[in-house]
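Results of the structural survey
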Amino acid sequence: MKAALITGLNQLEIREIPDPLLPYGGVIVKMVSAAICGTDVKMLLNGHRDLVLPRIPGHEGAGVVIETDNESFKTGDVVAVYPGIYCGRCLNCLDGNTSRCDSIKIYGFNQDGLFRALVPFDSNEIKSLVHVRESGNIENMALAEPLACCISAYNKVHVKNGSALIIGAGSVGSIFAALLLSKGFNEVVVIDRERQKLEGQIPVNAKTIETDVNSIESSLKAHNHVRGFDLIVPCCPDGLNWDFWRFMKPGGSALLFSGNNRGVDNNNIDMNEIHYRELVLAGSYGCNARDFRDAIRMIEDDEIDLSFLSPRFASLDEIPECISALKNSTVKKVIINKF
Ligand SMILES: [Zn+2]
Ligand SMILES: [Zn+2]
């Protein structure tokens with residue numbers, strides 16, 4: 001079968017590798033869709049904290065069970081893949097925080113991922129498989145993981161409506177905007193310095209502002225955003241490089257949904273601002289299994305419409321050129337649907 005393999009920094013190969021054998025008590029899933037995440041692009045170019053090489057990347061995907069040695073799964077079952085392999089027994093797992101599992105492994109990072117035709121899941125790993133409705137659009141289920149990460153972040157703040165500012169109009173910033181709109185936020189503003197990211201593949205009801213990190217303040221004022229926001233979500237490293245807390249309403253929240261670029265430290269937060277104006281800063285990385293199930297349910301029940309993303313569909317062989325297109329922002333989301 002074919003697989004994509006990261007062999008070094010900026011080195012991605014499409015290779016023939018042996019088909020997997022059915023693991024004892026597990027299943028083999030034939031991939032139907034696997035989306036390329038911004039993190040895949042970043043870790044190919046810059047490496048990543050959790051990346052171990054060589055590695056088959058891919059952590060957003062869905063497929064069909066074609067072989068099974070487990071009574072919970074039958075041939076033909078449609079499943080989406082939760083990106084983490086968690087123990088289910090540690091205190092974090094028992095609290096439902098599976099992304100903080102003491103022994104978490106992540107597909108495509110420190111465990112081979114989904115950019116291959118067939119993926120084996122052993123009796124421990126099948127916890128990562130979530131049944132989805134067979135009548136639904138399986139290709140769309142590749143978007144459940146990024147949506148689940150947004151849900152996981154959203155669940156960490158108490159602000160549940162009002163106004164929100166999303167910094168970064170990449171796929172995840174756009175999905176975050178769609179989530180907040182579906183949850184009842186009455187004003188969602190997305191800012192980015194790249195006009196092409198703001199012109200397409202943005203939820204219809206989101207407002208957009210083109211600006212760079214040095215002019216966020218004047219751009220917001222020019223658009224009459226002088227009262228600040230109930231929620232600010234930096235979805236890209238640039239979003240951390242300005243004094244965003246000054247634009248939070250008293251009692252407002254900020255979700256640090258993106259990390260810094262390597263070697264950059266923005267340790268200039270004014271603690272008195274946080275204290276006197278009762279601001280809340282929350283970090284969020286990845287998603288829990290329950291967030292993933294919520295994301296699937298939202299997509300299945302049409303509680304969120306992600307059709308605005310209009311992803312480009314491509315084959316496994318086209319991954320290298322798709323990564324270039326994502327890097328150059330000529331496309332916002334790519335879903336591999338030919339393996
Ligand atoms: Zn992702
Ligand atoms: Zn655990």
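These remarks concern the structure in this document. Treat the numbers as computed from the prediction; the structure is a model and nothing was measured.

Donor atoms from the polypeptide that coordinate the zinc ion (ligand 1) comprise Cys-37 (SG), His-59 (NE2), Glu-60 (OE) and Glu-145 (OE), at 2.2 to 2.8 Å from the metal. Around the zinc ion (ligand 1), the 4 donor atoms sit at angles spanning 73 to 157°, and that spread fits a shape best called irregular. The sequence pattern describing where the donors of the zinc ion (ligand 1) fall on their chain is C-x21-H-E-x84-E. Separated by 23 residues along the polypeptide, Cys-37 in the loop between strand S3 (27–36) and helix H1 (38–46) and Glu-60 in strand S4 (residues 60–68) bring together distant segments of the chain.

Before going further, it helps to examine the packing of aromatic side chains. Any aromatic ring pair is given by two values, namely how distant the centres are and how the planes are angled relative to each other. Considering all chains together, one arrives at 5 aromatic pairs under this definition. Taking 5.7 Å as the distance between ring centres and 80° as the angle between the ring planes, the aromatic pair formed by Tyr-82 and Tyr-86 counts as edge-to-face. Ring geometry for Tyr-107 versus Phe-121: centroids 5.7 Å apart, planes at 65°, classification edge-to-face. Taken as a pair, Tyr-107 in the loop between strand S7 (105–106) and strand S8 (118–121) and Phe-121 in strand S8 lie far apart in primary sequence, 14 residues in all. Pair check on accessibility: Tyr-107 and Phe-121 agree, each one buried. Members of the aromatic cluster, joined through ring pairs, are Tyr-82, Tyr-86 and Phe-292. Here the basic side chain of Lys-127 rests over the ring of Tyr-86, its NZ or CZ set 5.3 Å away from the ring centre.

With that settled, consider unusual backbone geometry. Residue Pro-54 is bonded to the preceding Leu-53 through a cis peptide linkage, with omega at -10°. With respect to the element layout, Pro-54 can be found in the loop between H1 and S4. Even without glycine at this site, Asn-224 takes up a positive phi of about 65°. Judged by relative accessible area, which is 64%, Asn-224 ranks as exposed. Unlike most non-glycine residues, Asp-302 shows phi in positive territory, near 55°. Within the secondary structure layout, Asp-302 lies in the loop between helix H8 (289–300) and strand S16 (312–315).

With that out of the way, let us pick up H1. Burial in H1 covers these residues: Asp-40, Val-41, Met-43 and Leu-44. For H1, the elements touching its buried residues are strand S1 (2–8), strand S2 (11–16), S3 and helix H9 (319–327). Count one or two residues on from H1 and you reach Gly-47, which has phi positive near 80°.

Turning our eyes to something else, we now look at a positive patch on the surface. Residues Arg-100, Lys-156, Arg-290 and Arg-293 make up a contiguous surface patch of positive charge. The topology assignment puts Lys-156 in the loop between helix H3 (144–154) and strand S10 (163–167). Of the residues examined, Lys-156 reaches a relative accessible area of 31% and is grouped as partly exposed.

The sheet contact formed by strand S13 (residues 229–234) and strand S14 (residues 248–256) spans 3 bridges and is parallel. In the sheet register, Leu-231 faces S14, and the bridge partner there is Ser-253. When S14 meets strand S15 (residues 280–283), the two strands line up parallel, connected through 4 bridges. When the sheet's bridge partners are listed, Leu-256 is paired in S15 with Gly-283.

Moving on to the nonpolar core. Among soluble globular proteins, nonpolar side chains are generally buried collectively. One finds Leu-147, Ile-166, Phe-176, Leu-180, Leu-231 and Leu-306 to be the most contacted residues of the largest nonpolar core, which totals 59 residues. When contributions to this core are tallied by element, the ones reaching two or more residues are strand S5 (78–81), H3, S10, helix H4 (171–182), strand S11 (187–192), S13 and H8. Here this core gets 8 residues from one element, more than from any other, and that element is H3. Looking at which domains feed residues into this core, each of domain 1 (2–145 + 287–338) and domain 2 (157–283) gives three or more. By size, the runner-up hydrophobic cluster in this structure holds 39 residues, among which are Ala-3, Met-43, Leu-114 and Ile-319.

Binding of the zinc ion (ligand 2) to the protein goes through Cys-87 (SG), Cys-90 (SG), Cys-93 (SG) and Cys-101 (SG), at separations of 2.3 Å. Classification of the site at the zinc ion (ligand 2) as tetrahedral follows from its 4 donor atoms and the range of 102 to 118° in their angles at the metal. Coordination of the zinc ion (ligand 2) draws on donor residues from a single chain, spaced C-x2-C-x2-C-x7-C in sequence. In this structure, Cys-93 and Cys-101 share a single accessibility class: buried.

Let us now look at the environment of Asn-186. Mapping Asn-186 onto the fold places it in the loop between H4 and S11. For Asn-186, a relative accessible area of 65% translates into the label exposed. Expressed as a C-alpha distance, the spacing of Asn-186 and Asp-40, which sit 146 residues apart in the sequence, is 32 Å. Sequence-distant contacts of Asn-186, defined by excluding residues within four places in its chain, comprise Gly-162 and Ser-163.

Ordered in space as S12-S11-S10-S13-S14-S15, the 6 strands form an open sheet in which the pairing is parallel. Looking at the sheet topology across the chains shown, the edges are occupied by strand S12 (207–210) and S15. The average angle at which neighbouring strand axes cross in this sheet is 20°, direction not considered.

What counts and what doesn't
Residues numbered from 1 in each chain as written. Chains lettered and ligands numbered in written order. Predicted model: local features only at pLDDT ≥ 70, side-chain atom pairs only at ≥ 80, totals over all residues. Heavy atoms only, no water. Donors = N, O, S within 2.8 Å, 3.2 Å for Na, K, Ca; no water. Tetrahedral: all angles 85-135°; square planar, octahedral: opposite > 155°, others 65-115°. Helix = DSSP H or I, 4+ residues; strand = E, 2+ residues; numbered from the N terminus. Phe/Tyr/Trp six-rings, centres within 6.5 Å; stacked < 30°, edge-to-face > 60°. Buried < 20%, exposed > 50% of the residue type's maximum accessible area, 1.4 Å probe, protein only. Lys NZ or Arg CZ within 6 Å of the ring centre and 35° of its normal. Contact = heavy atoms within 4.5 Å. Patch = residues over 30% accessible without salt bridge, like charges linked within 9 Å, V, L, I, M, F, W, Y side chains within 5 Å. Areas by Shrake-Rupley, 256 points an atom, 1.4 Å probe, with all protein chains shown as cover. Salt bridge = Lys/Arg side-chain N within 4 Å of Asp/Glu carboxyl O. Lys, Arg positive; Asp, Glu negative; His and termini not counted. Charge placed at Lys NZ, Arg CZ, Asp CG, Glu CD. Pairing = 2+ DSSP bridges. Core = buried A, V, L, I, M, F, W, Y, C linked by side-chain atoms within 4.5 Å. Domains from an automatic or database assignment. Axes fitted to C-alpha atoms, helices over the stretch in contact; angles between N-to-C directions.

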